[in-house]
Amino acid sequence: MAETLHRPAALRTVETPLMGEAAGRAVAALVGLIGRHPAGWRWLARRHHPVLDRLAEANAHAACARAARRVPAYREFVRARPAGVRRRLRDFPETDKQGYVVAHDAAARCWHGRLPERGVVVDESAGSSGRPFNWPRGERELRAVHRDIAGYTGLVFPMRRPFVINAYSMGAWATGTTTGAAMARIAVVKNTGPDLGKIVDTLREFGPDHDYLVTAYPPFLKHLRDRLDAEDFPWSRYRIFGSCGGEGMTEALRDYLEQRFVRVRSAYGASDLTIGIGAETRFTVWLRRALRTDAGLRAELLGPTEQRLPMVFQYNPFATWLETNARRELVCTAGGRGVLQPRLRYNVGDEALLVPYRRIAELAAADPVRAAEFRAAVAQERMTLPVLMLFGRRDSTVSYLGANLYPQDVEYGLYTGNPHAAAISRFCLALHEDAALETRPVIHVELRGSLAAADRAALAAACRDGVRRHLASVSRDFAQSLAEDPSAGDLRVELHEPGTGPFAGPQKIKNAYLVR
């Protein structure tokens, strides 16, 4: 006690309850030990208990306290925000890309301020201005990610003689290379990238004696289904599963895909965190569809006025501890000793709700029909992990093929070198799924006044070409997608008379750049 009282004030601010820290570390070590094999991961996912949530939070709290002493960037970040003794996880300040990542170099964000000279893989993602952000990951961290992906895949996609066709981009972001390496633990893997021809050839070459899992962005799975249909592919002789990520997926698209694929599931991640934060299960798909049709369940979980339908995932709180702040933004902590650059109460900018598994089980039990559906949904996989309901980015970005489209980049494209720019009043962004289940970005443009048909066509073409050209120049993710699949550049431009469409109603001082 005397030692604590005589420590400098800056260090006293990071004292933690030692019993909680020790218990959290011990349980996290045990969970990591059991989960080293995919079978162990599945065993843990089926036996998660609310008590473990409290221990996972204690582990996250211990990680923040440890980092405040041993990670130079975080030590400086915490000391600049004094708050007394930080007895709870929420007593530590949130970090984010601009306030923490940009302000400190890569080494300073590592344990003890050291970036190892070998055994590190650097992933890259592009930010709002096209500036690349680099995310170093160490060997232990990557092994843990690979283990989680392999464990989840083996549970959700029961395959005999599994063969994974990895159709994610190999250059745009981390998912492609990480997925390929993870799947090699449990299957034969071919990294084709988003090349329809190679995938068709692979399926025909290796034949129906394998069960296939195609990993890709959601729109690409639709392109694959349509291409195979056009070639009269013998779907009935094959068992092909689909796994996707990088952007949201509607239930209409899932229904369309599952007319051919055995099963399609989506996952949630972020380059600045990890690709395996959460993933869909049969239970979460049932829950999402129930939220669409069951008004009572929707009101209980989302609130009586919420009209949006979130993506729904289950997640492992020991791998990534999740919480939400007062603005319902998702705050993540991944600070284990194997994480080279710990993410410490990191706000990725997504709006979300977190719900315990038991809460949903209780709501299901209250209605006989709902209870029967719930029992059927959980019977096979039996995962009792907590639930993440994700609404998407709060920062007015649109996620498309793994790239984030920012309003400021669209504005550059609309106005730079556009001879018709004077006709533009304002704009906003949306993602639209058409009757063919193709999801494309839509740029809604409000005109300053009426235009003749020829002038409208010229303006729309100039806007579309300008935005596509600018995005390709500033976003490496978009440029890579465009190079691999030219249809990725199919941006839609819709022109509106003043005060109509998404611009109807009184004009506010600040423009709203995202159509919900």
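Residues numbered from 1 in each chain as written. Predicted model: local features only at pLDDT ≥ 70, side-chain atom pairs only at ≥ 80, totals over all residues. Heavy atoms only, no water.

### Some remarks on the overall build of the protein
- Of regular secondary structure, the protein possesses 19 helices and 18 strands.
- Pairs at least 24 apart in sequence give 71% of the contacts found in the protein among residues at least 6 apart.
- Surface summary for the protein: the accessible area is close to 22500 Å², and the carbon and sulfur share equals 53%. (Helix = DSSP H or I, 4+ residues; strand = E, 2+ residues; numbered from the N terminus. Contact = heavy atoms within 4.5 Å. Areas by Shrake-Rupley, 256 points an atom, 1.4 Å probe, with all protein chains shown as cover.)

### A closer look at unusual backbone geometry
- A positive phi angle, near 45°, is found at arginine 161, a position not held by glycine.
- In the Ramachandran plot, arginine 345 falls in the positive-phi region, its phi being about 45° despite a non-glycine side chain.
- Its location among the elements puts arginine 345 in strand β12 (residues 343-355).

### Quick word on the packing of helix α15 (residues 357-365) against helix α16 (residues 368-378)
- Here α15 crosses α16 at 140°, and the two axes come no closer than 7 Å. By the angle class used here, α15 and α16 are oblique. For the pair α15 and α16, contact is made by Tyr357, Ala361, Leu363, Ala364 and Ala365 and by Arg370, Ala371, Phe374 and Val378, respectively.
- Partitioning the contact of α15 with α16 into residue classes produces 8 nonpolar, no polar and 1 charged. (Axes fitted to C-alpha atoms, helices over the stretch in contact; angles between N-to-C directions. Parallel < 35°, antiparallel > 145°, perpendicular 65-115°, else oblique. Nonpolar A, V, L, I, M, F, W, Y, C, P; charged D, E, K, R; others polar.)

### Let's talk about helix α10 (residues 196-206)
- Along α10, the positions that sit buried rather than exposed are Ile199, Val200, Thr202 and Leu203. In a view along the axis of α10, the buried residues occupy a sector of 160°, so they form one face of it. Facing away from the buried surface of α10 by more than 90 degrees, the exposed residues are Asp201 and Glu205.
- Each element contacted by the buried residues of α10 is listed here: β3 (162-166), β4 (188-191), β5 (211-216), α11 (218-230) and β6 (239-244). (Buried < 20%, exposed > 50% of the residue type's maximum accessible area, 1.4 Å probe, protein only. Arc of directions from axis to C-beta.)

### Observations concerning the packing of aromatic side chains
- Counted by the stated rule, this structure contains 21 aromatic pairs.
- Considering the side-chain rings of tyrosine 152 and phenylalanine 157, the 6.3 Å spacing of their centres and the 90° angle between planes classify their relative orientation as edge-to-face. When sorted by exposure, tyrosine 152 lands in the same class as phenylalanine 157, which is buried.
- Every member of this aromatic cluster is reached through a ring pair, and the members are Phe163, Phe206, Tyr212, Phe233, Trp235, Tyr238 and Phe261.
- Lying over the aromatic face of phenylalanine 77, arginine 81 brings its terminal NZ or CZ to 3.7 Å of the ring centre.
- The ring of phenylalanine 133 has lysine 97 sitting right over it, with the charged end atom 4.7 Å from the ring centre. (Phe/Tyr/Trp six-rings, centres within 6.5 Å; stacked < 30°, edge-to-face > 60°. Lys NZ or Arg CZ within 6 Å of the ring centre and 35° of its normal.)

### Overview of the pattern of salt bridges
- Scanning all chains against the criterion turns up 31 salt bridges.
- The partner of glutamate 141 in a salt bridge is arginine 137, with the nearest N and O atoms 3.6 Å apart.
- Take glutamate 141: its relative accessible area is 9%, and that puts it in the buried class.
- Judged by its relative accessible area of 4%, arginine 137 is buried.
- Glutamate 231 is paired through a salt bridge with arginine 204; the nearest N and O atoms lie 3.6 Å apart. Taken together, the residues glutamate 231 in the loop between α11 and β6 and arginine 204 in helix α10 connect sequence positions 27 residues apart.
- When its relative accessible area of 31% is taken as the criterion, glutamate 231 is described as partly exposed. (Salt bridge = Lys/Arg side-chain N within 4 Å of Asp/Glu carboxyl O.)

### Focus: a positive patch on the surface
- A contiguous patch of positive charge, built from Arg69, Arg70, Arg140, Arg143 and Arg337, is present on the exposed surface.
- At the level of elements, α5 (50-70) and α8 (139-156) are the ones that each hand at least two residues to the positive patch.
- Arginine 140 gets classed as exposed once you look at its relative accessible area, which sits at 52%. (Patch = residues over 30% accessible without salt bridge, like charges linked within 9 Å, V, L, I, M, F, W, Y side chains within 5 Å. Lys, Arg positive; Asp, Glu negative; His and termini not counted. Charge placed at Lys NZ, Arg CZ, Asp CG, Glu CD.)

### Thoughts on helix α13 (residues 282-293)
- Helix length check: α13, at 12 residues, gives a terminal C-alpha distance of 17 Å against a target of 16 Å (1.5 Å per residue), a fit within 8%.
- Within α13 the residues assigned to the buried category are Phe283, Thr284, Val285, Trp286, Leu287, Arg288, Ala290 and Leu291. (Expected span 1.5 Å × (residues − 1).)

### With respect to the sheet that holds strand β18 (residues 492-496)
- Strand order in the open sheet formed by 3 strands is β16-β17-β18, with mixed pairing between adjacent strands. Each of the sheet's edge strands pairs with one partner strand only, and the pair in question is β16 (424-433) and β18. When strand polarity is set aside, the average angle formed by the axes of neighbouring strands in this sheet is 25°.
- Relative to strand β17 (residues 439-447), β16 runs antiparallel, the two sharing 9 bridges. (Pairing = 2+ DSSP bridges.)

### With respect to the nonpolar core
- Residues Tyr74, Tyr268, Leu330 and Leu388 are the most contacted members of the largest nonpolar core, which totals 37 residues.
- Element by element, the count of residues in this core is highest for α5, at 6 residues.
- Apart from residues no more than four positions distant in its own chain, leucine 330 is found in contact with Tyr268, Leu322, Glu323, Thr324, Tyr346, Asn347, Val348, Asp350, Ala352, Leu354, Leu388 and Leu390.
- Membership of the second largest hydrophobic core comes to 27 residues, among which are Tyr400, Leu401, Ala403 and Leu429. (Core = buried A, V, L, I, M, F, W, Y, C linked by side-chain atoms within 4.5 Å.)

### Things to note about the environment of glycine 246
- Counting through the fold element by element, glycine 246 comes out in the loop between β6 and α12 (251-257).
- Here glycine 246 falls in the partly exposed class, since its relative accessible area comes to 26%.
- Sequence spacing of glycine 246 and tyrosine 168 is 78 residues, and the spatial spacing of their C-alpha atoms is 9.4 Å.

### Some thoughts on the environment of proline 136
- Of note, proline 136 is situated in strand β2 (residues 132-138).
- Residue classification places proline 136 among the buried residues on the basis of a relative accessible area of 4%.
- Placed 20 residues apart in sequence, proline 136 and proline 116 show a C-alpha to C-alpha distance of 9.7 Å.
- Those residues in contact with proline 136 that lie beyond four places of it in its chain are Leu115, Val120, Val121, Val122, Glu141, Leu340 and Gln341.

### Quick look at the confidence of the model for the protein
- When pLDDT is averaged along the protein, the result is 86, and 89% of the positions lie at 70 or above.
- Averaged pLDDT values for the elements of the protein fall to 35 in helix α1 (residues 2-5) and rise to 97 in α10. (pLDDT = per-residue confidence, 0-100.)

### Observations concerning the packing of α5 against helix α6 (residues 72-79)
- Direction vectors running N to C along α5 and α6 enclose 100°, while the axes themselves pass 6 Å from each other. Between α5 and α6, the interaxial angle falls into the category roughly perpendicular. Note on element contacts: α6 touches α5 through Pro72, Tyr74, Arg75 and Val78, opposite Cys64, Ala67, Ala68, Arg69 and Arg70.
- Here the residues of the contact of α5 with α6 are counted per class, giving 6 nonpolar, no polar and 3 charged.

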